[in-house]
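# An overview of the molecular structure
Below, each chain spelled out in residue letters.
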Amino acid sequence: MNVAVPQEGRTSGSAEAASVIEVRNLVKAFYDASGDRITLAATDVNFTVRRGEFVCIVGPSGCGKTTVLRILAGLEQLLSGEVRIDSMTQPAMVFQEASVFPWLTVSQNVAFPLSLKGVSAQKQRERVAELLALTGLTEFADAHPHQLSGGMKQRVSVARALVDDRDILLMDEPFGALDEQTRLTLQQELLRIWERTGKTVVFITHSVDEALTLADRVLVMSPRPGTMVADLLVPFERPRDVVEMRRDKRFWDLTYEVWRLLAAAPEH
Ligand SMILES: Nc1ncnc2c1ncn2[C@@H]1O[C@H](COP(=O)(O)OP(=O)(O)OP(=O)(O)O)[C@@H](O)[C@H]1O
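Numbering of residues starts from 1 in every chain and runs along the sequence as written. Side-chain atom pairs in this predicted model are given and counted only at pLDDT of 80 or more, local residue features only at pLDDT of at least 70, and totals for whole chains, interfaces and linings cover all residues. Excluded from the side-chain calculation are hydrogens and water; included are all heavy atoms of the structure.

Per an unreviewed UniProt entry, the chain carries the name ABC transporter ATP-binding protein and comes from Neoaquamicrobium sediminum. UniProt positions are given in the numbering used here, feature names are shortened, and annotations may be inferred rather than shown by experiment. Comment text from UniProt for the chain, heading Sequence similarities (unreviewed entry), reads "Belongs to the ABC transporter superfamily."

See the structure below:
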């Protein structure tokens, strides 16, 4: 069942049992205030995501990656096409900039979705403790965001996205603003969390390296208006070691393959 805000083109149902997200012939355009000038952001986008899968989307800047993700989240309307999300819960979203409330503590930030749902204080405490442990934040439970590093703030965002146990996690360049080393640490942590929770993840990144580190499949988009030009299987076994996997020649062969596709993708 789809509990997302109903929109034209978004339907519910379980036509394809294995796929939890199905996008067919999606077209999205933005209009200026007068309605005259149109920016075609994405065109004829097709892909599916199976339950529990980790899918990364890469593509050049402005090709429509965020737009596609926002449509999945129910934050944008599509112009035409169809989006089917087979889930009991609205997708959770994590953005590039850690979206934490500065006046709340780490615990209160993580608990926020539960407080909106009227979950009892005792249950909130239990669930928040689980999530703080999962994301390595237990000792910062009472800290405020200004006392945290960028990586820790992003951990708070991830913990909050997981706290009310939604099936689908949509992540828009969540580690894009972090330094390389913190990024690698958080990639490893995200993989561990994903393996434990079994969420379906759609993750946008500019980094080919990051996509191959995390994903079961990498979807490659063309320049704007973006469309899918490749759907590549990432064959590395799980659990992955984000450092050790770089010794595997297949990692670099795939890196070359994705870069070749990005370089060759035609502009529309
Ligand atoms: N609200 C909006 N109004 C008008 N145009 C928009 C809006 N949002 C996005 N666009 C345009 O749609 C196109 C796709 O934008 P989008 O943010 O989806 O790209 P992206 O692939 O995520 O880019 P980046 O990788 O740089 O974040 C761009 O040309 C952008 O200017």
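## Description of the side chain of Thr200
By definition, any uninterrupted DSSP run of H or I lasting at least four residues is a helix, any uninterrupted run of E lasting at least two residues is a strand, and each is numbered from the N terminus. Structurally, Thr200 can be placed in strand β8 (residues 200–204). Pairs of N or O atoms are called polar contacts if they sit within 3.5 Å, as long as, within protein, a hydrogen donor faces a hydrogen acceptor (for residues adjacent in sequence, only side-chain-to-side-chain pairs). Only 2.9 Å separates the side chain of Thr200 from the backbone nitrogen of Gly52, close enough to count as a polar contact.

## Topic: the pattern of salt bridges
Any Lys or Arg side-chain nitrogen found within 4 Å of a carboxyl oxygen on Asp or Glu counts as a salt bridge. The full count for this structure, using the stated rule, is 22 salt bridges. Asp165 is the salt-bridge partner of Lys199, the closest N and O atoms lying 2.6 Å from each other. Placement of the pair is Lys199 in the loop between α5 (180–197) and β8 and Asp165 in the loop between α4 (150–163) and β7 (168–172), with a sequence separation of 34 residues. Type-normalised accessible area, obtained with a 1.4 Å probe on protein chains alone, sets the label of each residue: buried when under 20%, exposed when over 50%, and partly exposed for intermediate values. Relative accessible area serves as the criterion here: at 6%, Lys199 is assigned to the buried category.

## Considerations on the domain arrangement of the chain
You'll often see interface size given as the accessible area lost when the parts meet. If you check the domain split of the chain, you get domain 1 (14–91 + 166–264) and domain 2 (102–164). Residues are treated as being in contact if the distance between any of their heavy atoms lies within 4.5 Å. The interface of domain 1 with domain 2 comprises 15 residues on the first partner and 10 residues on the second. The contact between domain 1 and domain 2 buries some 1,100 Å² in all, and 66% of this surface belongs to carbon and sulfur atoms. Counting the surface domain 1 buries against domain 2, the share from its top three residues, Arg166, Leu169 and Ile193, is 41%. Domain start and end points were adopted from an automatic or database domain assignment. When two parts are put together, the accessible area they lose, computed with a 1.4 Å probe and summed over both, is reported as buried area.

## Structural notes on the UniProt feature "domain: ABC transporter" (unreviewed entry) in the chain
When the UniProt feature table is mapped onto this chain, "domain: ABC transporter" (unreviewed entry) is found at residues 21–248. The distance separating the terminal C-alpha atoms of residues 21–248 is 31 Å; by composition the span is 32% helix and 26% strand.

## Topic: the sheet that holds β7
Two strands are said to pair when DSSP picks up at least two bridges between them. If you walk across this open sheet you meet the 6 strands as β6-β7-β8-β4-β9-β10, and the pairing is mixed. Two strands lie at the open edges of the sheet, namely β6 (92–94) and β10 (228–233), each paired on one side alone. Taken pair by pair, the neighbouring strands of this sheet meet at an average axis angle of 15 degrees, ignoring direction. As judged from the 4 bridges shared by strand β4 (residues 54–58) and β8, these two strands associate in the parallel manner. Bridge pairing in β8 places Cys56 opposite Phe203. Angles shown run from 0 to 180 degrees and are taken between the N-to-C directions of axes, each axis being a line fitted to C-alpha atoms and, for helices, limited to the stretch in contact.

## Re the site of the ligand
Around the ligand lies a shell of 13 residues, among which Ser61, Gly62, Lys65, Thr67 and His206 are the nearest. A distance of 2.9 Å separates an oxygen atom of the ligand from a polar atom in the side chain of Thr66. Working definition of accessibility: Shrake-Rupley area with a 1.4 Å probe, residue cover restricted to the visible protein chains. Its free accessible area being 640 Å², the ligand has 61% of it covered by the protein chains. At the level of elements, β3 (38–50) and α1 (65–72) are the ones that each hand at least two residues to the shell around the ligand. With 3 residues, α1 is the single largest residue contributor to the shell around the ligand. The residue inventory of the shell around the ligand, partitioned by class, reads 4 nonpolar, 7 polar and 2 charged. When we say a residue is near a molecule or strand, we mean one of its heavy atoms is within 4 Å of it. Each residue gets one label: Ala, Val, Leu, Ile, Met, Phe, Trp, Tyr, Cys and Pro are nonpolar, Asp, Glu, Lys and Arg are charged, and the others, such as Gly, are polar.

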